[in-house]
Amino acid sequence: MSSQQQSGFFISFEGGDGVGKSTQSRLLGEWLRLATGRDVVWTREPGGTELGKVLRQAVLHGDHMDPRTEALLYAADRAHHVASLIRPALSRGDVVITDRYLDSSIAYQAGGRTLAIDEVEKLSLWATEGLLPQVTILLDLDPRVGATRLTDAPDRLESAGDAFHQRTRQAFLDRAALDPTRWIVIDAAASIESIAVQIRDEVASRLGIVPAPEPARAPVPEVS
Ligand code: TYD
């Protein structure tokens, strides 16, 4: 099934750590549920499935590993995620919103770790049998600002250093510029509400969603 044949909507959020992806994916999903009447599935990579949780633990909290091993673990997580969760949900006609998808591998394993972009892309497209989101929202922020918003102890990727995260940010921006039909780039330094409205407007126009009109309110009785 290509992304054109599915009946649901597939949306991904991308960006550095601490940019607000989970807050914005929740807000967008709640809005889409009301606007479209469809079920919404929120998920994430790595770790959107039971097997994925094991792979997430290994890749984020395990021992040092070389960049190819790291890329293969993310690809394995993604293959299982797509086959067991994302494609079935799209076939049912659901909205699927994922925090991170294959563009994270291109930004982190190619941009950050400096593997070849085309090789990492081929690996991910093989893993997913070519499934791409209809819309990808990049929340763009200076990684130094994102780092100040993190609360938990840093994982392997978060500890990779400022130069790594600057390359990752640039890789996301470069990739977004190549495909403006799929990507929406948002300045993540703005307020939560203003970012949510920008995302909503762009997603509605790209997916052709016309929100159902608000139910008419009963007239308020006049008090004499
Ligand atoms: P994330 O779940 O967004 O982090 P957290 O929940 O701790 O805020 O992502 C985990 C890390 O994995 C993040 O630093 C980015 C990295 N990552 C890759 O390097 N490649 C990938 O393909 C994916 C999906 C994530």
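Before reading further, recall that the structure is shown in the block above.
Below, the structure is looked at part by part. (Residues numbered from 1 in each chain as written. Predicted model: local features only at pLDDT ≥ 70, side-chain atom pairs only at ≥ 80, totals over all residues. Heavy atoms only, no water.)

### Notes on the site of the ligand
Near the ligand lie 16 residues; those nearest to it are R56, R78, R100, S105 and Q109. Y74 has a polar side-chain atom sitting 2.9 Å from an oxygen atom of the ligand. A total of 560 Å² of accessible area belongs to the ligand in isolation, and the protein chains cover 86% of it. Judged by the fraction of its atoms near the pocket grid, the ligand is located in the largest pocket. With four residues, helix α4 (residues 102-112) is the largest single contributor of residues to the shell around the ligand. Grouping the constituent residues of the shell around the ligand by class yields five nonpolar, three polar and eight charged. (Near = heavy atom within 4 Å. Polar contact = N/O pair within 3.5 Å; in protein donor to acceptor, adjacent residues only side chain to side chain. Areas by Shrake-Rupley, 256 points an atom, 1.4 Å probe, with all protein chains shown as cover. 1 Å grid on protein atoms, 1.4 Å probe; cavity = no way out; pocket = protein on both sides within 12 Å on 5 of 7 lines; lining within 4 Å. Sits in = over half its atoms within 2 Å of the grid points. Helix = DSSP H or I, 4+ residues; strand = E, 2+ residues; numbered from the N terminus. Nonpolar A, V, L, I, M, F, W, Y, C, P; charged D, E, K, R; others polar.)

### Here we look at the packing of aromatic side chains
Going through the model one piece at a time under the given rule, you end up with three aromatic pairs. Each ring, one from F10 and one from Y101, has its centre 5.1 Å from the other, and the planes form 80°; the classification is edge-to-face. Linking F10 in strand β1 (residues 9-15) with Y101 in the loop between β3 (95-99) and α4, this pair joins segments that are 91 residues apart in sequence. An identical accessibility class is assigned to F10 and Y101; each is buried. Judged by centre distance (6.2 Å) and plane angle (80°), the ring pair of Y108 and F172 falls under edge-to-face. Within this pair, whereas Y108 is found in helix α4, its partner F172 is found in helix α7 (residues 162-178), the two being separated by 64 residues in sequence. Residue class for F172 comes out buried when judged on its relative accessible area of 2%. Grouping aromatic residues by their ring pairs yields a cluster made of Y108, F164 and F172. Geometry around Y101 places R78 over its ring, the cationic atom sitting 5.9 Å from the centre. (Phe/Tyr/Trp six-rings, centres within 6.5 Å; stacked < 30°, edge-to-face > 60°. Buried < 20%, exposed > 50% of the residue type's maximum accessible area, 1.4 Å probe, protein only. Lys NZ or Arg CZ within 6 Å of the ring centre and 35° of its normal.)

### Considering helix α5 (residues 117-127)
By the burial criterion, the buried members of α5 are V120, S124 and A127. Along α5, the residues classed as buried sweep out an arc of 60° about the axis, all on the same side. Within α5, the exposed residues directed more than 90 degrees away from the buried face are K122 and W126. Those residues of α5 that are buried lie in contact with α3 (67-92) and α4. Backbone geometry just downstream of α5 places E129 in the positive-phi region, at approximately 50°. (Arc of directions from axis to C-beta. Contact = heavy atoms within 4.5 Å.)

### Re the layout of surface pockets
Looking at the largest pocket, its volume works out to about 790 Å³. If you go around the largest pocket, you meet 30 residues; those closest to its centre are D17, K21, R56, R100 and E158. For the lining of the largest pocket, the elements supplying multiple residues, two or more each, are α1 (21-36), α2 (50-61), α3 and α4. A total of four residues in the lining of the largest pocket trace back to one element, the largest contributor, which is α4. When its volume is computed, the second largest pocket comes out at roughly 170 Å³. Forming the walls of the second largest pocket are 14 residues, and the residues nearest its centre are D17, P143, A147, E158 and H165. Counting only elements with at least two residues in the lining of the second largest pocket, the list comes to α6 (143-148) and α7. The greatest single-element share of the lining of the second largest pocket, amounting to four residues, is contributed by α6. The residue inventory of the lining of the second largest pocket, partitioned by class, reads five nonpolar, four polar and five charged. (Points joined across faces, edges and corners; volume = space filled by probe spheres on them.)

These figures come from the coordinates and say nothing about function on their own.
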